[in-house]
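The residues making up each chain are set out below.
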Amino acid sequence: MSSRILPEFELKTPQSVDETLELLATYGDSAMIMSGGSDLVVAMKMNLSPDTVISISEVAGLDKITYAPGQGLRIGAKVTIAQVLQNDAVKELYPALWQAAEVFATPQIRNSATVIGNLLRGSPAGDCSCAILALGGHIVLQNQNSNRDVSIDDFWTGYNQNARKGDELAIEIRLPPPSAQTRTIFKRMTRVNEDLAKINASVRLEMDGKLCKGARLAIGCVGPTTMRLPKTEALLTGSEINADILASIADMVATEISPIDDKRSSREYRIHVSGVLVKRLVQQAIN
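Residues numbered from 1 in each chain as written. Predicted model: local features only at pLDDT ≥ 70, side-chain atom pairs only at ≥ 80, totals over all residues. Heavy atoms only, no water.

Draft legend 1. Layout of the domain arrangement of the protein chain. The assigned domain composition of the protein chain is domain 1 (10–55), domain 2 (65–175) and domain 3 (182–286). Computed from C-alpha coordinates alone, the two centres of domain 1 and domain 2 are separated by 19 Å. Counting each side, the surface lost to burial between domain 1 and domain 2 is near 1100 Å², with a carbon and sulfur contribution of 61%. The interface formed by domain 1 and domain 2 contains one salt bridge. As a salt-bridge pair, Asp39 and Arg121 come within 3.7 Å of each other at their nearest N and O atoms. Where domain 1 meets domain 2, there are zero residue pairs in polar contact (both at pLDDT 80 or more). Ranked by the residues each element gives to the side of domain 1 that touches domain 2, the list is headed by helix H1 (residues 17–27), at six residues. In the side of domain 1 that touches domain 2, the residues fall into five nonpolar, five polar and three charged. (Domains from an automatic or database assignment. Buried area = accessible area lost by both parts, 1.4 Å probe. Salt bridge = Lys/Arg side-chain N within 4 Å of Asp/Glu carboxyl O. Polar contact = N/O pair within 3.5 Å; in protein donor to acceptor, adjacent residues only side chain to side chain. Helix = DSSP H or I, 4+ residues; strand = E, 2+ residues; numbered from the N terminus. Nonpolar A, V, L, I, M, F, W, Y, C, P; charged D, E, K, R; others polar.)

Draft legend 2. Structural detail: the side chain of Gln142. Here Gln142 is to be found in strand S6 (residues 138–142). Judged by its relative accessible area of 18%, Gln142 falls in the buried class. Aside from chain neighbours lying at most four places away, what touches Gln142 is Val17, Leu21, Asn147, Asp167, Glu168, Leu169 and Ile171. (Buried < 20%, exposed > 50% of the residue type's maximum accessible area, 1.4 Å probe, protein only. Contact = heavy atoms within 4.5 Å.)

Draft legend 3. View of the layout of surface pockets. Here the second largest pocket defines a volume of roughly 160 Å³. Forming the walls of the second largest pocket are Gly61, Leu62, Lys64, Thr66, Arg74, Ile75, Gly76, Val140, Asn147, Ile171, Glu172 and Arg174. Elements that contribute at least two residues to the lining of the second largest pocket include exactly strand S5 (72–76) and strand S10 (169–175). Across the lining of the second largest pocket, the residue classes break down as four nonpolar, four polar and four charged. (1 Å grid on protein atoms, 1.4 Å probe; cavity = no way out; pocket = protein on both sides within 12 Å on 5 of 7 lines; lining within 4 Å. Points joined across faces, edges and corners; volume = space filled by probe spheres on them.)

Draft legend 4. Region of the structure containing the pattern of salt bridges. If you walk through the whole model with that rule in mind, you get 12 salt bridges. For Arg191, the salt bridge goes to Asp195, with nearest N and O atoms at 3.2 Å. In this structure, Arg270 engages Asp262 in a salt bridge whose closest nitrogen and oxygen atoms are separated by 3.1 Å. Judged by its relative accessible area of 0%, Arg270 is buried. Each of Asp153, Arg216, Arg228 and Glu233 takes part in a single network of salt bridges with overlapping partners.

Draft legend 5. The packing of aromatic side chains, seen in detail. As enumerated under the stated definition, the model contains two aromatic pairs in all. Between Tyr67 and Tyr94, the ring centres sit 6.1 Å apart and the planes meet at 70 degrees, which makes this aromatic pair edge-to-face. Taken as a pair, Tyr67 in strand S4 (residues 65–68) and Tyr94 in the loop between helix H4 (88–93) and helix H5 (95–102) lie far apart in primary sequence, 27 residues in all. A relative accessible area of 28% means that Tyr67 is categorised as partly exposed. Arranged with centres 6.2 Å apart and planes meeting at 70 degrees, the rings of Phe155 and Trp156 form a pair that is edge-to-face. Considered together, Phe155 and Trp156 belong to a single accessibility category, that of buried residues. (Phe/Tyr/Trp six-rings, centres within 6.5 Å; stacked < 30°, edge-to-face > 60°.)

Draft legend 6. Just the pairing of S10, in detail. With six of its seven residues buried, S10 lies for the most part within the structure. Pairing between S5 and S10: four bridges, direction antiparallel. The partner of Arg74 across the bridge, within S10, is Arg174. Two elements, S6 and S10, share five bridges in a ladder whose sense is antiparallel. Across the sheet, the residue bridging to Val140 is Glu172, located in S10. (Pairing = 2+ DSSP bridges.)

Draft legend 7. Inspection of the side chain of Ser123 at higher detail. Within the secondary structure layout, Ser123 lies in the loop between helix H7 (115–121) and helix H8 (127–135). Once residues lying within four places of it in the same chain are set aside, the contact partners of Ser123 are Asn160 and Thr226.

Draft legend 8. Geometry of the sheet that holds S5. The five strands lie next to each other as S4-S5-S10-S6-S7, forming an open sheet whose pairing is antiparallel. Only two strands of the sheet have a single partner each, and these edge strands are S4 and strand S7 (147–151). Along the sheet, successive strands turn relative to each other by an average axial angle of 20 degrees, direction set aside. (Axes fitted to C-alpha atoms, helices over the stretch in contact; angles between N-to-C directions.)

Pasting the structure below:
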């Protein structure tokens, strides 16, 4: 049952990355990191009771989003959804991520919620998570001793679970640069933007005319984590995308997903609609 009253906790407000990492080394899994707080505060009003909350709101240097040709896009730990929408490079070169940000909750939440926070949450309904899984890339995790890069393909380990260790801070997400042949798109099915998605999906294609030279297809709300569709990717890769291939996509997607019934939708609806949604996104991407 939700409450307006937060549980008691100790609040830490480090001023630097080094101080944050020192706190994480001390408190480990007993501490929660807070940036925008749009997920954490809600969870704490429900049933989450961390002993310590480490706010990175005053840590400098984590709120930058930059693009460089040949290197790609870098999104810092404090970059908000609103910042993504305001970035011309994202809109032009990473349209799937921009589209996911555009339909993300409400303007108030977009001003506080962060991209990396959406990834760390690990919800299979995460819109930025779905777009980024299609785009590829990796998350930089840092502790007091070292940095490590974790591919987005390996980041989610289960429902609401990820590969970050208790002493690590997610510093940034890095997305690869697109080529002139890259096509990306995102869409979700829901009642209104304020709702979580019933289904969301994102597509990245590498096209040479009508020939698909590579595909990354991501879909959410049809399993315990946001997931890729390897069989459908293999169907597309190396093929000319024609009416026969498009017709096969819907049937193939249905064999790769394992949705459940919940308050937002039914298993049957998700099975029926998922393949149609992915097929339409492929059509729109190549056009």
